[in-house]
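Chain and residue survey
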Amino acid sequence: MSPAHRSTATTVVLGSASPARLRVLRDAGLRPAVVVSDVDEDALLDELAGAPPAQIVTRLAEAKADAVVAAVLGDGAPQAAGAATDGVVVTCDSMLLTGGSLAGKPHTAAAAAERWRRMRGTTGHLITGHCVRRLRDGEVVASASHSQSTAIFFSDVSDEVIERYAATGEPLEVAGAFTLDGIGGWLIDGIDGDPSSVIGISLPLVRRLLTQVGVDVADLWSAER
């Protein structure tokens with residue numbers, strides 16, 4: 001039987017509320033359960049102030065993994081039944097490095113527009129931290145984490161286009177105030193790096209991290225598409 005049609009008892013848990021990350025994993029053959037982490041990101045960012053950007057986003061991903069694992073092992077995630085016995089938890093966090101500083105989600109249209117006025121015509125780097133935890137028989141038996149950086153070439157768009165893009169609401173709750181796979185794709189001249197990482201989760205990096213914790217990604221592929 002081919003790996004794509006092999007059933008697996010391993011439960012994959014995505015520790016993120018991001019529909020884009022879920023879509024990337026589903027399109028890539030996984031059927032993850034979703035358990036949203038409860039992490040005070042602002043407090044952690046204050047604690048990590050001054051640390052290298054890659055370390056910051058990776059630590060945020062690890063903190064989310066800690067919270068999701070605690071929920072799974074504490075029976076606080078019924079949607080991920082079976083993960084405590086045989087599971088993989090995957091978490092991510094993305095921030096945009098531009099102008100020498102990290103930027104997360106703008107949350108408001110005004111903040112998104114102001115950010116776009118600063119970064120139009122420039123190159124930023126979207127950094128996504130990833131963490132993978134392997135669960136077996138009620139405990140974490142292996143863990144791996146790393147980050148992925150991709151260069152983003154922002155179009156030199158007009159104030160009117162910026163205001164209209166911000167008004168769509170799309171950039172308000174995404175890292176860096178842009179998307180590659182949505183309306184924001186019109187405003188990106190190109191990227192240098194992994195497209196899936198820009199959308200929210202790097203498939204090549206997650207594959208490598210899974211290998212580090214003893215899991216072959218092909219064993220997780222589902223025949224359901």
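Above this note sits the structure.
Let me begin by describing the structure that accompanies this report. Predicted model only: the values in this text are computed from it and were never measured.

1. Structural notes on helix H3 (residues 53-73)
- Here H3 contains 21 residues, and its C-alpha end-to-end distance of 30 Å stays within 8% of the 30 Å for a straight helix at 1.5 Å per residue.
- Along its buried surface, H3 packs onto strand S1 (11-14), helix H2 (41-47), strand S3 (86-98), strand S4 (101-103), strand S5 (123-136) and strand S6 (139-154).
- Of the residues flanking the end of H3, it is Asp 75, one or two places downstream, whose phi is positive at about 60°.

2. Description of the pattern of salt bridges
- According to the stated counting rule, one finds 12 salt bridges in the structure shown.
- The partner of Asp 93 in a salt bridge is Lys 64, with the nearest N and O atoms 2.9 Å apart. Of this pair, Asp 93 sits in strand S3 while Lys 64 sits in helix H3; the two residues are 29 residues apart in sequence, bridging distant segments of the chain.
- For Asp 93, a relative accessible area of 5% translates into the label buried.
- Take Lys 64: its relative accessible area is 9%, and that puts it in the buried class.
- Here Glu 163 and Arg 117 are joined by a salt bridge, their closest N and O atoms 2.8 Å apart. One end of the pair, Glu 163, is in helix H5 (residues 159-167); the other, Arg 117, is in helix H4 (residues 109-119), and 46 residues separate them in sequence.

About the thresholds
- Residues numbered from 1 in each chain as written.
- Predicted model: local features only at pLDDT ≥ 70, side-chain atom pairs only at ≥ 80, totals over all residues.
- Heavy atoms only, no water.
- Helix = DSSP H or I, 4+ residues; strand = E, 2+ residues; numbered from the N terminus.
- Expected span 1.5 Å × (residues − 1).
- Contact = heavy atoms within 4.5 Å.
- Salt bridge = Lys/Arg side-chain N within 4 Å of Asp/Glu carboxyl O.
- Buried < 20%, exposed > 50% of the residue type's maximum accessible area, 1.4 Å probe, protein only.

By themselves, these observations are geometric and do not establish any function.
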